[in-house]
Amino acid sequence: MATDTRTRMIEATALLLRRRGYHGTSLNDILSASGAPRGSLYFHFPGGKDQLVVEVTRASVAEVSGRLGEALAAERDPAVAVHHIYQSVGRMLEDNEFSLGCPVAPVVLDSPGDVPDLVELCRSAFEQWIGLLREAFVRAGVPERRAQALALLVESSLEGLMVIARATRDRSSLNAVADEVAILIEQAVLAGKVAQRAEITRCLTASPN
C-alpha cells in the first residue's frame, strides 16, 4: 500500500507539472490529485515538493530519452526516423486531447531558479535530446557542425509545434514540418556522403611527397 501511495503521488505530480508548471503545482494540488495523506508526502519525500518534482522530472526525462533513442535506432535513415518522431508526437497530443506536451517545457517556462537541481535537470534534458539527434546525424555521414545545427532545429521545432498544436487543437502543423525537416536531413546526409567520397578520392589520387 505504501508503494501505491508513492506511485500515485508521482503520477499525479507528473500530470500537474505538465499542465501547470512548477509554481502552479502546490502541495495541496498533489495531495488532492493523488488522494494521499499529507504525512505520506514527507515520509516518501523528506525534501518535500522539491524532491518530488525533481524525481518526477528525472523520470520523465529518462522516458523521453529512451523513446527518442529507440526511434533513432530503429531506422538507418535518420530522415525517416525523425519523420516518425514528429508523427509520434502528433499522436501523443491527439491521445491526450492536446492537454499535455513536453514534460520539461512547463517547468522551464516557470523559471524555478530557487531549485538548482531542477534547473540543471532541465538543462541536461535538452542537451541529451539534442545530443541523441546529433549523434544519429553524424552516424549517417553529416559533418559534426551541421549535425548539431540540424539537431537544434529538430528539437526546437518540436517544442514550438507542440505549443501550436495545443493552441489550435490540430496536429497538421507537425505533419507539414515533418516533411520539410525530413528533406533537409536527406540533403545533409547526401552532402555529407558526397564530401566523404570526394575526400577519399583526393587522398587516393594525391601524389606522394
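Model, not experiment: these values are computed from the prediction.

With that settled, the discussion passes to the overall build of the protein. Within the protein, the regular secondary structure consists of nine helices and zero strands. Ordered by position from N to C terminus, the α and β elements of the protein give α-α-α-α-α-α-α-α-α. Against the globule reference of 17 Å for 209 residues, the protein gives a C-alpha radius of gyration of 21 Å, more extended than a compact globule. Here the C-alpha coordinates of the protein stretch approximately 80 × 40 × 30 Å along the principal axes. The burial tally for the protein puts 42% of its 209 residues in the buried class. By element, 56% of the accessible surface of the protein is carried by carbon and sulfur atoms, the whole surface being about 11,400 Å². Positive and negative side-chain charges of the protein, numbering 22 and 26 respectively, have mean locations separated by a distance of 2 Å.

A separate point is the side chain of R171. With respect to the helices, strands and loops of the structure, R171 is situated in the loop between α8 (144–168) and α9 (172–205). What R171 contacts, discounting residues up to four positions off in sequence, is Q87, G90, R91, E94 and F98.

Non-glycine residue E97 carries a positive phi angle of around 55°. When its relative accessible area of 56% is taken as the criterion, E97 is described as exposed. Here F98, not a glycine, exhibits a phi torsion of approximately 60°, which is positive. With respect to the helices, strands and loops of the structure, F98 is situated in the loop between α5 (78–95) and α6 (105–109).

An ideal rise of 1.5 Å per residue puts 36 Å on 25 residues; α8 measures up with 36 Å between its terminal C-alpha atoms. Among the residues trailing α8, R169 stands out with phi positive, at a value near 55°.

Let us look at the layout of surface pockets. It is the rolling of a water-molecule-sized probe over the atoms that shows where space remains empty. By volume, the largest pocket amounts to about 690 Å³. Considering the residues around the largest pocket, the lining is formed by 27 residues, among which R18, V64, R67, M92 and P103 are closest to the centre. Looking at the lining of the largest pocket, the elements that each hand over two or more residues are α1 (2–20), α4 (48–73), α5 and α8. In terms of residues, the lining of the largest pocket owes the most to one element, α4, which gives eight residues. In terms of residue class, the lining of the largest pocket is built from 16 nonpolar, five polar and six charged.

Okay, the pattern of salt bridges next. Within this structure, the stated rule accounts for seven salt bridges. Residues participating in the shared-partner salt-bridge network are E120, R123 and E127.

Cut-off values and rules
- Think of each chain on its own: its residues are numbered from 1, step by step along the sequence as written.
- Selection of residues for local features in this predicted model requires a pLDDT of at least 70, selection of side-chain atom pairs for listing and counting requires 80 or more, and totals for whole chains, interfaces and linings are taken over all residues.
- Here the side-chain values reflect all heavy atoms present in the structure, with hydrogen atoms and water set aside.
- Helix and strand definitions follow DSSP, with helices as H or I runs of at least four residues and strands as E runs of at least two, each counted in order from the N terminus.
- This radius of gyration counts C-alpha atoms alone. The globule rule is 2.2 Å times how many residues there are, raised to the power 0.38.
- Working definition: with a 1.4 Å probe on protein chains only, accessible area under 20% of the residue-type maximum means buried, over 50% means exposed, and in between means partly exposed.
- Per-residue accessibility takes into account occlusion by the displayed protein chains alone, with areas from the Shrake-Rupley method and a 1.4 Å probe.
- His is not counted here, nor are the chain ends, while Lys and Arg score as positive and Asp and Glu score as negative.
- Lys charges are placed at NZ, Arg charges at CZ, Asp charges at CG and Glu charges at CD.
- For this analysis, residues touch if any pair of their heavy atoms sits within 4.5 Å.
- Here a helix's expected span is defined as the number of its residues, less one, multiplied by 1.5 Å.
- In this analysis the probe radius is 1.4 Å and the grid spacing 1 Å, with only protein atoms considered; a cavity is a set of points the probe fits into but cannot get out of, a pocket is an open set with protein on both sides within 12 Å along at least five of seven lines, and lining residues have an atom within 4 Å of a point.
- Grid points are joined across faces, edges and corners, and a volume is the space filled by probe spheres set on the points.
- Three classes are used, and their members are as follows: Ala, Val, Leu, Ile, Met, Phe, Trp, Tyr, Cys and Pro are nonpolar, Asp, Glu, Lys and Arg are charged, and the others, Gly among them, are polar.
- The term salt bridge refers to a pairing of a side-chain nitrogen on Lys or Arg with a carboxyl oxygen on Asp or Glu at a separation within 4 Å.

In short, the description is geometric, and any link to function would need to be established separately.
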